[in-house]
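# Architecture at a glance
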Amino acid sequence: MSVHGIDRIPDSLGFLVLTEDGAVISSGGQLENDETTANKITKLVHTAYKIQVTGDKKDALRRLSVILGDVIYMATVSQHKIYVSKRHYNPQEPVQA
């Protein structure tokens, strides 16, 4: 059981709580002890964090969403931890390009 509250996200398929370097602090559901996903998400967050959108440091990455088919991984960086939630991806309406 997680003390972070991430385990109570509605419709969650799984979760990870990671240190900044990718070590798993807590996990559950389909992501229980999923070191492979933890490593991939950590690398993705570190890569995205290096990309500056503006020169303002307050615009640093805080959230990242990755859609893979019918699944979405949502990562949030807070207090030197990476919180990852895996959920079904059900867009409300089709995306028009």
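Our structure's up above, just so we're on the same page.
Note that this is a predicted model, so its numbers are computed, not measured. (Residues numbered from 1 in each chain as written. Predicted model: local features only at pLDDT ≥ 70, side-chain atom pairs only at ≥ 80, totals over all residues. Heavy atoms only, no water.)

## Some words on the overall build of the protein chain
Each helix and strand counted, the protein chain has one helix and five strands in total. Secondary structure of the protein chain in N-to-C order comes out as β-β-α-β-β-β. By residue count, 33% of the 97 residues in the protein chain fall in the buried class. Summarising the internal contacts of the protein chain: among those between residues at least 6 apart in sequence, 37% fall at separations of at least 24. Accessible surface computed for the protein chain: about 6900 Å², of which carbon and sulfur atoms make up 52%. (Helix = DSSP H or I, 4+ residues; strand = E, 2+ residues; numbered from the N terminus. Buried < 20%, exposed > 50% of the residue type's maximum accessible area, 1.4 Å probe, protein only. Contact = heavy atoms within 4.5 Å. Areas by Shrake-Rupley, 256 points an atom, 1.4 Å probe, with all protein chains shown as cover.)

## Here's the deal with the sheet that holds strand S3 (residues 63-68)
Taking strand neighbours across the sheet as the criterion, the five strands line up as S2-S1-S5-S4-S3 in an open arrangement whose pairing is antiparallel. The open sheet has two free edges, formed respectively by strand S2 (24-29) and S3, since each of these has just one partner strand. Taking the axes of each pair of neighbouring strands and ignoring which way they run, one obtains an average angle of 10 degrees across the sheet. Here seven bridges tie strand S1 (residues 12-19) to strand S5 (residues 81-88), and the two strands are oriented antiparallel to one another. Its bridge partner lying in S5, Gly14 is registered against Lys86. (Pairing = 2+ DSSP bridges. Axes fitted to C-alpha atoms, helices over the stretch in contact; angles between N-to-C directions.)

## Quick look at the nonpolar core
Counting residues in hydrophobic clusters, the biggest one holds eleven residues: Leu16, Leu18, Leu31, Ala38, Ile41, Val45, Val71, Tyr73, Ala75, Ile82 and Val84. Listing elements by their share of this core, those giving two or more residues are S1, helix H1 (35-50), strand S4 (71-78) and S5. Val84 has contacts with Ile6, Gly14, Phe15, Leu16, Leu18, Leu31, Ile41, Tyr73, Met74 and Ala75, leaving out every residue within four places of it along the chain. (Core = buried A, V, L, I, M, F, W, Y, C linked by side-chain atoms within 4.5 Å.)

Keep in mind that these numbers describe shape and distance, not what the molecule does.
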